[in-house]
Amino acid sequence: MIGLISATAAGAAARDRLAAAWPDRTRVYDGPVGDAVRRAFGECGQLVCFLATGAVVRLIAPLLDDKAADPGVVCVDEGGRFAVALTGGHGGGANDLAHEVGEVLGAAPVVTTATDAVGLPGLDTLGLPVEGDVAGVSRALLDGVPVALRAEVSWPLPPLPAGAEGAYTIRVTDRLVEAAEREVVLRPPTLVVGVGASRGAPADEVLALVREALRDAGLSAASVAELATVDAKAGEPGVVEAAARLGVPLVTHAPERLAAVPVPHPSDAPLAAVGTPSVAEAAALVRGGDLLVPKRKSVRADGRPSMATCAVARRPGRGRLAVVGLGPGARDLLTPRAKAELRRASVLVGLDQYVDQIRDLLRPGTRVLESGLGAEEERARTAVAEAREGRAVALIGSGDAGVYAMASPALAEASDDIDVVGVPGVTAALAAAAVLGAPLGHDHVSISLSDLHTPWEVIERRVQAAAEADLVVTFYNPRSRGRNWQLPEALAILAKHRVPTTPVGVVRNASRADESARLTTLGGLDPATVDMMTVVTVGNTASREVAGRMVTPRGYRWQSAQEVPR
């Protein structure tokens, strides 16, 4: 929860705007400001104070205890011009919160944390448990002092200026080790603990078994990603509580799926009880990996039979492929999620002209693999191959990456050995529609007129179907120097079903500095004025020009009964 505190009418107005934008995330604290700050500090994970920074410093100073546990505090000035991350920049999330507040209020985020200021990822912001000399190693990275990266297990990290040797060390491991001097230990969630349990098995017994198995194998509990078991144990109280106390999810699998997993120690007992010859080992290995701890049973102090079993596997290192839509070109139409993925990636793959659009958003050290037009399939293969090496990869495309862009060839190459994340973007059709007015207010379709990948006979059938169905049509790739006849052919098909005065919107370079737009008609459009940077939107029989804008009503009520297509 985010506590909101203000002292003046101007501060309260900005406070209320934030509260309205985030009704489920915020709580307003009224009353004397000092009391409000103290109450919010004790009850909330973050605070936004619409006060002077000096006042907030004096109010929170007696409350500060540990930067890893204190709430993140952001100050917003009376004029709503700046959102200042005051304390808890990383641990309390104040740096990210300052950016979020800035997005809502139109305020400039002010972040003074050293790593953020120069574009380095904070070691305590990677989403992994971290131990050791975070401040010292971070300072070394900032100062250009050699830092060694020792990855004992594979995990996709953002770009870090670290090499094979150095006086300081970043160690990526799931082993039970203590950080040495001048060392940071990052613990990725690589371990899966499979658990079997009799009905009524106590949580203490399950938990003690798991912790003992990890300790004896020299493995860190901080790297446990999940507890896994058979579906029949999904509601077993002792197993559920053990997962909760470890702070990891409980994942269950169907018995037939577990039964198909080869294990070293199958047994008839679980086969009879839950339908699989192995629970603990099979649940640990069901998604692949190496068995580090074979099945072992709990030992009860009272000498009674064991009620729990467990096994531990290290799952294969998985790379991460983010397929990112950059939008139509304008920076303010690039989504916050897309920006975050670009900064998370250690490898960027994309068309050279798209890379140029966002190069300034990349972190220092990001490896850029760019190529020219016509190399889409090669870029897809490259991105997938980089992810299979365990790296964090961003594959970029214009508009939405899933619409005539890179998501399709990439996902055709990718198998289930990597994690794939799709990041939506504003499409060219939507950007053009916003410029024209509301041409997509009713059913519509997008059709590419490029026959480089699709035979013209197929495209022609699709245009014909759209014409007969009275759909608004947006044409992508309408005309190039080598393809100058497809657009006239498509318009001729539509003209058989629509009157010559049907509105047509023509938008070139939508949202960019050289954007141009015009409204014409189906009979008046000159195809020679269209190129590959243009989106052509042809209305349906209900579309109209209203005050210079192209509008397609949500229904056909604007037409008389005689005009409704049948």
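Here, the structure is the one placed above.
Cut-off values and rules
- Residues numbered from 1 in each chain as written.
- Predicted model: local features only at pLDDT ≥ 70, side-chain atom pairs only at ≥ 80, totals over all residues.
- Heavy atoms only, no water.
- Pairing = 2+ DSSP bridges.
- Helix = DSSP H or I, 4+ residues; strand = E, 2+ residues; numbered from the N terminus.
- Axes fitted to C-alpha atoms, helices over the stretch in contact; angles between N-to-C directions.
- Contact = heavy atoms within 4.5 Å.
- Buried < 20%, exposed > 50% of the residue type's maximum accessible area, 1.4 Å probe, protein only.

1. Describing the sheet that holds strand 10 (residues 183-186)
The strands making up a sheet associate through hydrogen bonds between their backbones, and the pairing can be parallel or antiparallel.
Part 1 of the argument: One open sheet holds the four strands; their spatial order is 7-10-9-8, and the pairing between them is mixed. For this open sheet the edge positions go to strand 7 (130-132) and strand 8 (147-151), each flanked by a neighbour on one side alone. Along the sheet, successive strands turn relative to each other by an average axial angle of 20 degrees, direction set aside.
Part 2 of the argument: Examined bridge by bridge, strand 7 and strand 10 share three bridges and lie antiparallel to one another. Bridge pairing in strand 10 places E131 opposite V185.
Part 3 of the argument: Sheet contacts for helix 6 (residues 134-143): strand 7, strand 8, strand 9 (168-172) and strand 10; angle to strand 9, the most-contacted strand, approximately 115 degrees.

2. What to know about the sheet that holds strand 15 (residues 308-314)
Part 1 of the argument: If you trace the five strands from one edge of the open sheet to the other, you get 13-12-11-15-14, paired in mixed fashion. Edge strands, defined here as strands with exactly one partner in the open sheet, are strand 13 (250-253) and strand 14 (290-297). When strand polarity is set aside, the average angle formed by the axes of neighbouring strands in this sheet is 25 degrees.
Part 2 of the argument: As judged from the four bridges shared by strand 11 (residues 191-197) and strand 12 (residues 224-230), these two strands associate in the parallel manner. The residue of strand 12 that forms the bridge with V192 is E226.
Part 3 of the argument: Sheet strands touched by helix 7 (residues 203-216): strand 11, strand 12, strand 14 and strand 15. Its angle to strand 15, the strand with the most contacts, is close to 40 degrees.
Part 4 of the argument: Here helix 8 (residues 237-246) sits on the sheet and contacts strand 11, strand 12 and strand 13; the angle it forms with strand 12, its principal contact strand, is near 175 degrees.

3. Re the environment of L348
Part 1 of the argument: Here L348 lies in strand 17 (residues 347-351).
Part 2 of the argument: Taking C-alpha positions, L348 is 7.0 Å from T366, a pair spaced 18 residues apart along the chain.
Part 3 of the argument: Excluding residues within four positions of it along the chain, L348 makes contact with L342, V355, I358, L362, T366, R367, V368, L369, A394 and I396.

4. What to know about the pairing of strand 26 (residues 534-538)
Part 1 of the argument: Counting buried positions over the five residues of strand 26 gives five, a clear majority of the element.
Part 2 of the argument: Residues of strand 26 alternate between two faces, with T534, V536 and V538 on one and V535 and T537 on the opposite face, all of them buried.
Part 3 of the argument: Pairing of strand 23 (residues 472-476) with strand 26, which is carried by three bridges, proceeds in the antiparallel orientation. Within the sheet, the bridge partner assigned to V473 lies in strand 26 and is V538.

So yeah, pure geometry; function would need other evidence.
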